[in-house]
Amino acid sequence: MKSTTSRNLPALANLVALEATVRKGSVTEAADELCLTQSAVSKQLTELENFLGVRLLDRRKGGVVATATGAEYLKRVTQVLNLLEEATLEVLTGRGSGGRLDLSVPVSLGNIWLLPRMLQFAKQHPQIQLNITTKVGPVDLPHSGLDAAIMYCGGPPPGHFGVEVMPLELFPVCAPERRPRGGSLAQALRQLPLLHQHTALDAWPAYLAQIGAKVARPGDGPRYGLLTMGLQAAVSGMGIALLPEFVAGDDLRAGRLIRLSDTSYLSPKSYYFVCLDEKRANPTLVTFLDWLLQTAKADAHRPRHRLTPARPT
């Protein structure tokens, strides 16, 4: 199908057919997804190849795969289709003037730190629709359909733009009833299990080396997938956890936890705001990032909990 304008643009339906066929690896499955016949999808793919004058697909007995040219072309086409869908959804949801941002955040950071502050953002920017999902571990932004993510990492991957939002600063805490006589961290380390986080398994060994403490097997002890799980384990009296202020703060204030040392461990990784390079100038994204960094900066200047003196026995 030749372009009906002076621009070298193929039909949108042909591009959608290409994306669905390569993603599904089958013309038949692409046709089912698009609610078309197999012959209709095959015709659209042929039209696209004729328009471009190159072969985009290898049709094999087991399915369909993109050629090297097709894969490179589809990579850029997919970005355009995602942007087009995003712009359309903004208009359909009535948010075209302010924009919409789809964001992924770590579970504990999102539930404990970010969501309680979202009313402030909504009041300041009522024209922006912010959609938040949670994710444990890295986020594959090119294939996620998301605009950005807050990730716990050492920095943005290639092809991405990233800004450090906050460090992960951890300190030892335990339930008050588990504090040993005398209340020192050294005594607690000898008597209580160490509670570990899957995302920072190096934290306890590194912290012990930092303070010069020796534990026979520093890797022993229960392991938890979320910071909030480590928090609940510590509150329940299961041992000593290394937790950040934003996770342990409420329980320290309520007396459900005590801090065992003023010395903190600063993880080599931090929480980063990450997006694809091509989205870094998006006005909605820039607005949210500015608010996020200001909020994190203000939070960093608030008083932190210090070592709780042991009561006389």
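Going by the annotation in an unreviewed UniProt entry, the name recorded for the protein chain is LysR family transcriptional regulator, with Cupriavidus gilardii given as the source organism. Here is the UniProt Sequence similarities (unreviewed entry) comment for the protein chain, exactly as written: "Belongs to the LysR transcriptional regulatory family."

Here the focus is empty space enclosed by the protein. To find the voids left in a structure, one rolls a probe of water-molecule size over its atoms. Going through the model one piece at a time under the given rule, you end up with 1 cavity of 30 Å³ or more. One number sums up the size of the largest cavity: a volume of about 50 Å³. Taken together, Leu170, Leu195, His196, Gln197, Ala200, Leu201, Ala203, Trp204 and Leu242 form the lining of the largest cavity. Of all the secondary-structure elements, those providing two or more residues to the lining of the largest cavity are strand S7 (194–197) and helix H9 (203–211). Of all the elements, S7 adds the most residues to the lining of the largest cavity, at 3 residues. Tallied by class, the residues present in the lining of the largest cavity amount to 7 nonpolar, 2 polar and no charged.

What follows covers the packing of aromatic side chains. Evaluated as defined, the whole model comprises 7 aromatic pairs. Aromatic pair Phe246 and Tyr271: ring centres 6.1 Å apart, planes at 75°, arrangement edge-to-face. On the criterion of sequence distance, the pair formed by Phe246 in helix H11 (residues 245–254) and Tyr271 in strand S11 (residues 265–276) is long-range, its members being 25 residues apart. A single burial state applies to Phe246 and to Tyr271, both of which are buried. Aromatic ring contacts, followed pair by pair, group Phe121, Phe273, Phe288 and Trp291 into a single cluster. Stacked on the ring of Phe171, the Lys or Arg Arg259 has its end atom at 3.8 Å from the ring centre.

Okay, the pairing of strand S3 (residues 100–105) next. Burial runs high along S3: 6 of the 6 residues are buried. Here S3 shows no split at all, with Arg100, Asp102 and Ser104 on one side and Leu101, Leu103 and Val105 on the other all buried. Bridge analysis of S3 against strand S5 (residues 148–153) gives 2 bridges, and the strand direction is parallel. Each residue of the ladder has a partner; that of Leu103, found in S5, is Ala148.

Basis of the calculations
Residues numbered from 1 in each chain as written. Predicted model: local features only at pLDDT ≥ 70, side-chain atom pairs only at ≥ 80, totals over all residues. Heavy atoms only, no water. UniProt positions renumbered as here; feature names shortened; annotations may be inferred. 1 Å grid on protein atoms, 1.4 Å probe; cavity = no way out; pocket = protein on both sides within 12 Å on 5 of 7 lines; lining within 4 Å. Points joined across faces, edges and corners; volume = space filled by probe spheres on them. Helix = DSSP H or I, 4+ residues; strand = E, 2+ residues; numbered from the N terminus. Nonpolar A, V, L, I, M, F, W, Y, C, P; charged D, E, K, R; others polar. Phe/Tyr/Trp six-rings, centres within 6.5 Å; stacked < 30°, edge-to-face > 60°. Buried < 20%, exposed > 50% of the residue type's maximum accessible area, 1.4 Å probe, protein only. Lys NZ or Arg CZ within 6 Å of the ring centre and 35° of its normal. Pairing = 2+ DSSP bridges.

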